[in-house]
Amino acid sequence: MNYKPDPIDTSKVNLTTEHLKITELLAKNTHEIWSSQRLSQGWKYGKNRDDSKKLHPGLVPYEELSESEKDYDRIISVGVIKTLLAMGYRIKGSEQTNKKSSEVDDHNLCLILESLKKSSQLNLKSLQTIRRETINLHLRYPEIFRILGEHILKLGEPLMAYDILSEGLKKWPNDTRLQQLLALSLARSGATQRANNLLLELVNSGKNDEETLSLLARTHKDLWKQAIVPEEGSTQIALAAQRYQQAYQIKRSYYPGVNAATMTMLMGDDETARAIATEVRGKCLAKLPPVSHRSENDYWLLATLGEVALILGENLEAEDWYNKGVELAKGKLGDLRSTRRNATLIVQYRQGDMELVKRCFQIPRVVVFSGHMIDEPGRTPPRFPPEIELQVYQAIRDRLIQLDARLGYAAAACGSDILFLEALYELQGEAHIVLPHEREQFIKNSIDIIPNSNWRERFDEVLEKATEVIIPTHYNLEHSNISYEYTNSILYGMAKMRAEQLDTELIPMAVWNQQIGGIGGTARAVEFWRQWNDNVEIIDIQQILQSVMTKKVEILNTVSTPATPLQPTSAPEDKNRLIMALLFADVKSYSKLKENQISLFVEHFLGAVAKFEGKSSYKPVMKNTWGDALYYVFSHVRDAGLFALEVCDIVQSTDWEKVGLPASLNLRVALHTGVVYKYTNPITGATTYSGTHVNYAARIEPITPPGKVYSSQEFAAMVASEGVKEFTCDYVGKTPLAKSYGTFPTYHVRRCGGGF
């Protein structure tokens, strides 16, 4: 009875389209083998299973099996494939299947889609691989975009899902399901008003199906939660309840039904809510398969039964149903977050015990990490000698387990960073890596510094397994560590954005000796975190060092001396390299001005901007113009964002025809933040700021819609990092920038509580 199962670890195996093709073939063949064995033993088909009469309902062709039965065969097949790959075997397709083609064969695509639809064993890395292998091919059907979008939304990555769904809509712009999923990705990423507008357009165009109406109701629910004015909140909750009830009347489906019950209850109509909830419970119980036949696809049935029980005041039963659902939905953070949100609303309304919600829905925490690099040979006194690598790794791993943290953001330098990423992967977590500059230069500066080590191989491996790798600065400054400081801020902001999307806690964690360090180092990261977060986890490497080294007499003398603050190991910091917020703007319709209107433009348009700037509380440190182009530099992203929004308001609220200018005059504004070089222009004598980040900001402006403010991902991350409350940044997708500058994530900047 001491037997403990010890299966081969397949959690790190990523599947490809070739694997999915053979998955469905293997699943079908598994069923054929089982059926052959049963028939040879005298079994026959029977509507109900009867072992004494040897009757079994599964003795039908694979195509006629229920989805839960097919899932059973698929799970076995995927398990076999992943086990073989984990053991080092390679699965090589036939010569015909390996031929490259510009068009996916219908049969192979069908196999991929069937496996992809129902697979519960695909991680985010696998889905990204499948996306790369299929989406750029000449597909004739939109299903691949729908299924990938749905899976990635379930895993809690709405921004990635948005990009995939947007690609699909370029090819199939009228596909209703793609539009619905795009709206859901917007809603889950926080762009509630955009999602609401998109769904209203669908409804107004005649799409009054239950899914569109339910999603529209969900956005009204979000707008109710976000409302600042009580009257607006009352309007939005009423619209949410109305739309859910409207959707429920179409097919009496449990999804809009339970939401209609919840919203009706929150409006104070308990009697109607209980009646709807009771009806929904009956429908769910009728559809729920036996325990042995349940799969991840039954999650929403179980979650709905949990929500119904909460509405009816049956908390113990609710907890039981929720726990059963969560067991099936492991890793589906997006779905879990949605369920937890409704459960929270109900418990709060009933003034119940929030511990119930916490027990049922333990969404992993997000960790942003920084830590010391491994010591270069000869460093005295030692800070992170190779001898304590194992102890540091164990300390990181133990802390991640204690915190239930599985989502990580870090750089990937040799030493603490890589140990953190390796620990995260061992715990089947997900990593987002931000490098301070280009990969090869980073390897030279931060990886290949220890002779005869394996850090380079480990670096390549952690990057290969990462969900994403971001490089915000594509150059290395030889005499400055400011790009590392910049990277630390971006890391914190991106981690905070992800934590907010999942409604979970952000934990900063550092492997640090608690001594003063140079710019861009761990000490500065901790100092920055403590401005915004009271819960910073410190793994004291000095304590680990002392504990380990006291056992090693030969090195004891080097660590027993009093600790002294560490000094930056690089050259003196270049004080002219600064992290600044950058604003570029130009005027729509300026090129259509007639010669006699130029003076009017200078007097009235530029004059209005100058007048606003003179009164504004958000002062730039530098400003310049070229014709209709405006260039401002600010010390803080908050100032840049508020300045941009206010100047847009002024331009749009002015009647330009009154002063002889075109009524269509409008402003496009782009925002970015990055490392710039401050200098005095030897020709003009003016102080100015320049660099590649300035060029990047200038490339965003031409793709910004007139009257809007767009920003880079870095600006959005810094806004989150610094806790700006007055405005927010909504994701609008990966956008090709002007002058072939590349395709980068772009955000719409808007005031909180305002419309799109």
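Our subject is the structure listed above.
This one's a predicted model, so the numbers in the text were calculated from it and none came from an experiment.

1. Comments concerning the sheet that holds strand β8 (residues 537–540)
Spatially, 6 strands are ordered β6-β5-β4-β3-β7-β8 in an open sheet, and the strand pairing comes out parallel. Edge positions in the sheet fall to β6 (468–470) and β8, since each has one partner strand and no second. Taking the axes of each pair of neighbouring strands and ignoring which way they run, one obtains an average angle of 20° across the sheet. Pairing geometry for strand β7 (residues 506–512) and β8, over 4 bridges, is parallel. Within β8, the residue paired with M509 across the bridge is E537. Contacting β3 (365–371), β4 (405–410), β5 (430–434), β6 and β7, helix α21 (residues 482–502) crosses the sheet at an angle of about 170° to β3.

2. Description of the packing of aromatic side chains
Taken as a whole, this structure holds 21 aromatic pairs when the rule is applied. Seen in terms of ring centroids, Y162 and Y731 are 5.4 Å apart; in terms of plane orientation they differ by 70°. Their pairing is edge-to-face. Pair noted here: Y162 is in helix α6 (residues 158–171) and Y731 is in strand β15 (residues 727–736), with a separation of 569 residues, a long-range link. Grouping residues by exposure puts Y162 and Y731 together as buried. Arranged with centres 6.3 Å apart and planes meeting at 65°, the rings of F528 and W532 form a pair that is edge-to-face. Of this pair, F528 and W532 both sit in helix α22 (residues 522–532), separated by 4 residues, roughly a single helical turn. By way of ring pairs, the aromatic residues Y590, F601, F605 and W656 are connected into one cluster. Positioned above the aromatic ring of W43 is the side chain of R38, whose terminal nitrogen or guanidinium carbon lies 4.4 Å from the ring centre. Between K324 and the ring centre of W321, over which it is positioned, the NZ or CZ distance is 4.9 Å.

3. A look at unusual backbone geometry
Phi is mostly negative for residues that are not glycine, and the peptide bonds are mostly trans. With an omega dihedral of -10°, the bond running from T380 to P381 counts as a cis peptide bond. Mapping P381 onto the fold places it in the loop between β3 and α17 (389–403). In this model, Q351 sits at a positive phi of 55°, which is unusual for a non-glycine residue. One non-glycine residue, D503, lies in the positive phi region at around 55°. Within the fold, D503 resides in the loop between α21 and β7. On the basis of relative accessible area, D503 is assigned to the partly exposed category, the value being 44%.

4. Section: helix α20 (residues 455–465)
When α20 is considered as a whole, its buried residues turn out to be W455, R458, F459, V462 and L463. Along the long axis of α20, the arc covered by the buried residues comes to 135°, so they all point the same way. The exposed residues of α20 that point more than 90 degrees off its buried face are E457 and E464.

5. Thoughts on the pattern of salt bridges
Scanning all chains against the criterion turns up 36 salt bridges. The partner of R458 in a salt bridge is E389, and the shortest N-O contact between them spans 2.9 Å. With R458 in helix α20 and E389 in helix α17, the pair connects residues that are 69 residues apart, well separated along the chain. Residue classification places R458 among the buried positions, given a relative accessible area of 12%. When salt bridges with common partners are traced through the structure, they connect R439, D448, R456 and D460 into a single cluster.

6. A closer look at the side chain of E485
Checked against the element boundaries, E485 lands in helix α21. Looking at E485, its side chain comes within polar contact range of the main-chain nitrogen of G520, at 2.6 Å. Setting aside residues up to four positions removed in sequence, E485 forms contacts with I519, G520, R524 and I579.

7. Focus: the packing of helix α12 (residues 270–287) against helix α13 (residues 299–311)
For the pair α12 and α13, interaxial distance at closest approach is 9 Å and the crossing angle is 150°. Here α12 is positioned roughly antiparallel relative to α13, judged by the angle of their axes. Note on packing geometry: the crossing formed by α12 with α13 is left-handed. Residues A273, R274, A277, V280, R281, C284, L285 and K287 of α12 form the contact with α13, whose participating residues are L301, T304, L305, V308, A309 and I311. Residues that form the contact of α12 with α13 fall into these classes: 10 nonpolar, 1 polar and 3 charged.

The rules behind the values
- Residues numbered from 1 in each chain as written.
- Predicted model: local features only at pLDDT ≥ 70, side-chain atom pairs only at ≥ 80, totals over all residues.
- Heavy atoms only, no water.
- Pairing = 2+ DSSP bridges.
- Helix = DSSP H or I, 4+ residues; strand = E, 2+ residues; numbered from the N terminus.
- Axes fitted to C-alpha atoms, helices over the stretch in contact; angles between N-to-C directions.
- Contact = heavy atoms within 4.5 Å.
- Phe/Tyr/Trp six-rings, centres within 6.5 Å; stacked < 30°, edge-to-face > 60°.
- Buried < 20%, exposed > 50% of the residue type's maximum accessible area, 1.4 Å probe, protein only.
- Lys NZ or Arg CZ within 6 Å of the ring centre and 35° of its normal.
- Arc of directions from axis to C-beta.
- Salt bridge = Lys/Arg side-chain N within 4 Å of Asp/Glu carboxyl O.
- Polar contact = N/O pair within 3.5 Å; in protein donor to acceptor, adjacent residues only side chain to side chain.
- Parallel < 35°, antiparallel > 145°, perpendicular 65-115°, else oblique.
- Left-handed = near helix turned anticlockwise from the far one by under 90°.
- Nonpolar A, V, L, I, M, F, W, Y, C, P; charged D, E, K, R; others polar.

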